[in-house]
Structure formats: C-alpha cells, structure tokens
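So you can see what is in the structure, the chains are spelled out below.
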Amino acid sequence: MDLTFSDSEAAFRDELRAWFATNDPGPEPSGEDANYAWRRDWQRRLAEGGWAGVHWPREYGGRGATLTESAIFFEELGRARAPLPANVLGLLLAGPTLMTYGTDEQKDRYLTPILTAEEIWCQGFSEPEAGSDLAALKTRAVKDGDGWVVTGQKVWTSGAQHSKWCMLVARTDSEVPKHKGLTYFLMDMEQEGVQVRPLVQITGEPEFNELFIEGARIPDENVLGGVGNGWKVALTTLMNERSGLAFFLQVRLRQLLDELVEEAAARGLLDDPVVADELGRLHMKAEILRLTAYRGLSTIEKYGAPGPEGSLTKWMWSETNQELAQFAADLLGADALTMGNRWAYELLRSRGNTIEGGTTEILKNIVAERVLGLPRLKGATA
Ligand SMILES: Cc1cc2nc3c(=O)[nH]c(=O)nc-3n(C[C@H](O)[C@H](O)[C@H](O)COP(=O)(O)OP(=O)(O)OC[C@H]3O[C@@H](n4cnc5c(N)ncnc54)[C@H](O)[C@@H]3O)c2cc1C
C-alpha cells in the first residue's frame, strides 16, 4: 500500500482547498426542510464550480477524477465542515448505475439533473419483510401495454419526501427463483399511486419514509438494464453505496473526537487515566479506519475491483461512531443530553449507523466468508 500522494493529486487537493476557502455553504439552518434546501443549494454551487460528481467521467458532466482524487474530495469536504450534497443517493448510487446499465436516452435524460440537484433520487429497495434479504421483496410490477403497473410497499426510503425519482426494484416474475424475477425501474415519484409518509426518527427528524405504491405506472423506457435483470443492476447500486463516503465519514469522526478531547481538556478531565485511555483507544480506531479506507483504495487501484475493505470500513466506522457518542455521553453526563447539544443528536443518530447501508451482522458474514474463508451460513442472505 502506497500512502504518498503524486504531484497531480497534491495539486488537486490544493485547488479544492482554494475553492472551499472562497466558497462555503453558510451556517446550517435548523429544521429538516430548511436543512435540505440548504444542502440542495450547496450542491448547485458545487456543480457550478465543477465539483459535483467529481468521480463521474467528463463525458457525463463529471470531473473524471481518479479514485484517489475522489477520496481527497470527500476528505476535503469533511475538513471544510461542509455538508454532503442533497442528492447524495443520485450522485453516488443512481448516477453510476445509470452509467453502467442505462441506454443513451436514459443517460441523456437523467444524469445532468442529478448533478445539479434539480431532480433528487431515492433508493426504493427495502420493504417491511425484505431488508438484508433484498431478493425476498414483494412489490410487484405487472406488464400492462407499453408499461408496468406497480403495487407494494417500501420502507426506510431516505429522502423520498424530496425526491422526483426512485430507484425501484420490483418483482416482475414470481415463477422463477427469487433472484431472477426482479426488475430495476426508474419510477417517477410525482404521480398518482405513489404516497410518501415520513417516519420520524429517534432524533426527531423525518429523514426516511414509508412508500405506498398502488397502481403506479412505469413506462417500458424506464426499465433499467432489462426485464428480469434487477438483481444484477441492484448489486451495482449497492457496490457503489460505500464508495468515497468512507473518507468523508472518517474525517467527520475525527473532528468529533477532537471536539470531545477539547471539551474534556476544558473540564480538566484529561489527567484521569480512564478518560485518557478511552480517548486514546478511540483515536487509535479512527486512525485504523483512515488507513483501512486508504488500503481499500489501493486494492481497487491495484486489482481493479473492490476488496473486503469496504465492508470492514463500514463496520468499523459505524461501531466507532456509536462508541464515541456513548463515551461523550458518559463523560459529559447530563450536559451531553441537553437539547440542542450536538452530542445528544450524535448519540441518537448513531444508533442507525449499524443498520443503514448493510447491517453489522451482514458485514460480519461477508468478512467471515470472503476474508476468513469460513463456510457459508445455511440460509444466509448475503
Ligand atoms: C438511517 C437509515 C436509512 C436507510 N435508508 C434506506 C434507503 O434510502 N433505501 C432503502 O431501500 N433502505 C434504506 N434503509 C434500510 C436498510 O438498508 C435496512 O434497514 C437494512 O438493509 C436491514 O434490513 P431490515 O431493517 O429489513 O432488517 P432485517 O434484514 O430484517 O434484519 C434484522 C436483524 O437480523 C440480522 N440478520 C438478517 N439476516 C441475517 C443473516 N443472514 N445473518 C446474520 N444476521 C442477519 C440483521 O443484521 C439485523 O440485525 C435505511 C436504514 C436506516 C437505518
């Protein structure tokens, strides 16, 4: 693993830092809608500066950045304390999946509005009885003339309340084995038959939603990657889920840790060996996380395909983030839980970290089977 940056990578970082120095998103507003509008505006500005979709090829309006440059982008975004762009699912998931499986017409139609945040995307995969076991999903799409009629329910659909389009996986054939009967659709959210009901999380924010689909129509031209090919297309989306973000998240984790150290110092707590020991342990984990993320990058650059580091990084980040928030609550006591205090938010929001984007148990299964070569669990879903 080579951790040095080339001259052109260093120049890329300098250029980005200079841009962030004169462009900042402004203060974060409170309230879900205002916060979302703020992040949407931030993405528009990133797009104007040529920094939205840095990892997208130039022919699709991106910057054609290498993987390392893309990692640098996310690190610098975190370092600048700027938010993730509003259309993060469009940029990281829908865009790359469209580039892989889309027809020329689909690429022409959808990619630019993703970059500019003009059209927001959500991911309609999970259902009440199909999360980890995605292939068990029950939402049905039935052929009807030159399109499809969809009926079913999705859940935990992040950002659906702001979305124009949904990456929807539905069952189009129930006669074949469950992985084979799925199709990937681009579903217009602004139509009759699609109802979005926000779910309020423990943080008080309606970040995700229930999605009720009753007789919604999807035209044939909105099938992505061919009828019956949905499993393969969905895996492409999931493979992109962790790309780049790890670098943003590890920087954010480090910033939170630094803030806790400052707070502990201000309260004269650093002489306590138990406190010092725990802060040291969290620091070590944050550093291992950073190095594992870089190691994942060099695996892709060397072998052309992602290794198990993506699963390891997600697992480690989510658990370390929870441990950090819990330790802050233990250390600061009631102060940490005062409403409006960021640690209360971190403590509550971090609970979802070990579920979203692949649960810890599923990630452990992947590591057990693909890294340690242990036998596949009977009845396992991943
Ligand atoms: C904040 C947040 C945002 C989300 N956003 C989206 C979104 O935008 N779009 C979307 O489609 N989904 C989204 N999800 C859903 C998320 O992907 C699912 O919650 C996740 O895949 C787990 O599925 P499940 O909730 O159905 O749990 P289940 O799959 O029912 O799992 C329940 C428990 O059993 C364990 N388990 C299941 N199978 C195995 C196995 N084979 N071996 C060992 N343990 C197992 C799981 O790890 C878990 O602990 C989001 C979730 C959260 C928390």
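With an unreviewed UniProt entry as reference, the protein is termed Acyl-CoA dehydrogenase, source organism Baekduia soli. In its Sequence similarities (unreviewed entry) section, UniProt records this for the protein: "Belongs to the acyl-CoA dehydrogenase family." Per UniProt, the protein carries the Cofactor (unreviewed entry) text "FAD".

### Some points on the site of the ligand
Of all residues adjacent to the ligand, which total 19 residues, the nearest are Q123, S132, W156, T359 and E361. Between the ligand and W156, the relevant distance is 2.9 Å, taken from a nitrogen atom to a main-chain nitrogen or oxygen of the residue. If the ligand stood free it would expose 980 Å²; the protein chains cover 71% of that surface. Tallying contributions element by element places helix 12 (residues 360–371) first for the shell around the ligand, with 3 residues.

### Remarks on the nonpolar core
The nonpolar side chains of soluble globular proteins are, as a tendency, buried together. Counting 51 residues, the largest nonpolar core has F73, L77, W121 and Y184 as its most contacted members. At 8 residues, helix 4 (residues 88–101) tops the list of elements feeding residues into this core. Apart from the residues within four sequence positions on either side, L77 is in contact with F20, W42, A82, P83, L84, P85 and F248. Membership of the second largest hydrophobic core comes to 22 residues, among which are L260, L289, L331 and W343.

### Remarks on the domain arrangement of the protein
Examined at the domain level, the protein breaks down into domain 1 (7–116), domain 2 (121–227) and domain 3 (233–372). Each of domain 1 and domain 2 was reduced to a C-alpha centroid, and the two centroids are 25 Å apart. Contacts between the two partners involve 17 residues from domain 1 and, on the opposite side, 18 residues from domain 2. Carbon and sulfur atoms make up 65% of the surface buried where domain 1 meets domain 2, a total of about 1400 Å² over both sides. Three residues stand out in domain 1 for area buried against domain 2, namely E32, L89 and Y110, and they jointly supply 37% of the buried area on that side. Across the contact surface, domain 1 and domain 2 share 0 salt bridges.

### Thoughts on the pairing of strand 3 (residues 147–154)
In terms of strand pairing, strand 2 (residues 140–144) meets strand 3 through 5 bridges, oriented antiparallel. Bridge assignment links K143 to a residue of strand 3, and that residue is W148. Here strand 2 hands over to strand 3 after 2 residues, with G145 in that stretch at a positive phi of 60°. Note that strand 3 and strand 7 (residues 208–219) share 8 bridges and pair antiparallel. Along strand 7, the bridge assignment pairs W148 with I218.

### Considerations on the UniProt feature "domain: Acyl-CoA dehydrogenase/oxidase N-terminal" (unreviewed entry) in the protein
The UniProt record annotates "domain: Acyl-CoA dehydrogenase/oxidase N-terminal" (unreviewed entry) at residues 7–118. Here residues 7–118 runs as 64% helix and 0% strand, with 35 Å between its end C-alpha atoms.

### Quick notes on helix 5 (residues 104–115)
In this model helix 5 runs 17 Å from its N-terminal to its C-terminal C-alpha over 12 residues, within 8% of the 16 Å that 1.5 Å per residue would give. Among the residues making up helix 5, those that are buried are Q106, K107, Y110, L111, P113, I114 and L115. In this structure, the buried residues of helix 5 make contact with helix 2 (32–48), helix 4, strand 1 (121–124), strand 4 (165–171), strand 5 (182–188) and strand 8 (223–224). A positive phi of about 70° marks A117, the residue just after helix 5.

### Considerations on a nonpolar patch on the surface
The grouping of V371, L372 and L374 at the surface amounts to a nonpolar patch, some 280 Å² of accessible area in total. The residue V371 is located in helix 12 in this model.

### Side note on the packing of aromatic side chains
In the structure shown here, the tally under the stated rule is 13 aromatic pairs. Here the aromatic rings of F5 and Y294 are separated by 6.0 Å at their centres, their planes lie at 75°, and the arrangement is edge-to-face. Of this pair, F5 sits in the segment before helix 1 (7–22) while Y294 sits in helix 8 (residues 273–303); the two residues are 289 residues apart in sequence, bridging distant segments of the chain. By relative accessible area, F5 is classed as partly exposed at 35%. Ring geometry for F12 against W51: centres 5.6 Å apart, planes inclined by 75°, an arrangement best described as edge-to-face. Residue F12 is found in helix 1, and its partner W51 is found in the loop between helix 2 and helix 3 (67–79); the two are separated by 39 residues along the sequence.

### As for the packing of helix 7 (residues 245–266) against helix 8
If you want to describe how two helices pack, look at the angle between their axes and the distance between the axes. Between helix 7 and helix 8, the shortest axis-to-axis distance is 10 Å and the interhelical angle comes to 165°. One element, helix 7, and the other, helix 8, form an angle in the roughly antiparallel class. Note that helix 7 runs across helix 8; the crossing there is left-handed. Residues A246, F247, Q250, L253, R254, L257, L260, V261 and A264 of helix 7 form the contact with helix 8, whose participating residues are L279, L282, H283, A286, E287, L289, R290, A293, Y294 and L297. Residues of the contact of helix 7 with helix 8, tallied by class, amount to 14 nonpolar, 2 polar and 3 charged.

### Focus on the pairing of strand 1
Side chains of strand 1 alternate between two faces, with W121 and Q123 and C122 and G124 buried alike. Two strands pair when backbone bridges link them, and strand 1 and strand 4 are joined in this way by 4 bridges, in the parallel orientation. Paired with C122 across the bridge in strand 4 is C166.

So, how was this worked out
Residues numbered from 1 in each chain as written. Predicted model: local features only at pLDDT ≥ 70, side-chain atom pairs only at ≥ 80, totals over all residues. Heavy atoms only, no water. UniProt positions renumbered as here; feature names shortened; annotations may be inferred. Near = heavy atom within 4 Å. Polar contact = N/O pair within 3.5 Å; in protein donor to acceptor, adjacent residues only side chain to side chain. Areas by Shrake-Rupley, 256 points an atom, 1.4 Å probe, with all protein chains shown as cover. Helix = DSSP H or I, 4+ residues; strand = E, 2+ residues; numbered from the N terminus. Core = buried A, V, L, I, M, F, W, Y, C linked by side-chain atoms within 4.5 Å. Buried < 20%, exposed > 50% of the residue type's maximum accessible area, 1.4 Å probe, protein only. Contact = heavy atoms within 4.5 Å. Domains from an automatic or database assignment. Buried area = accessible area lost by both parts, 1.4 Å probe. Salt bridge = Lys/Arg side-chain N within 4 Å of Asp/Glu carboxyl O. Pairing = 2+ DSSP bridges. Expected span 1.5 Å × (residues − 1). Patch = residues over 30% accessible without salt bridge, like charges linked within 9 Å, V, L, I, M, F, W, Y side chains within 5 Å. Phe/Tyr/Trp six-rings, centres within 6.5 Å; stacked < 30°, edge-to-face > 60°. Axes fitted to C-alpha atoms, helices over the stretch in contact; angles between N-to-C directions. Parallel < 35°, antiparallel > 145°, perpendicular 65-115°, else oblique. Left-handed = near helix turned anticlockwise from the far one by under 90°. Nonpolar A, V, L, I, M, F, W, Y, C, P; charged D, E, K, R; others polar.

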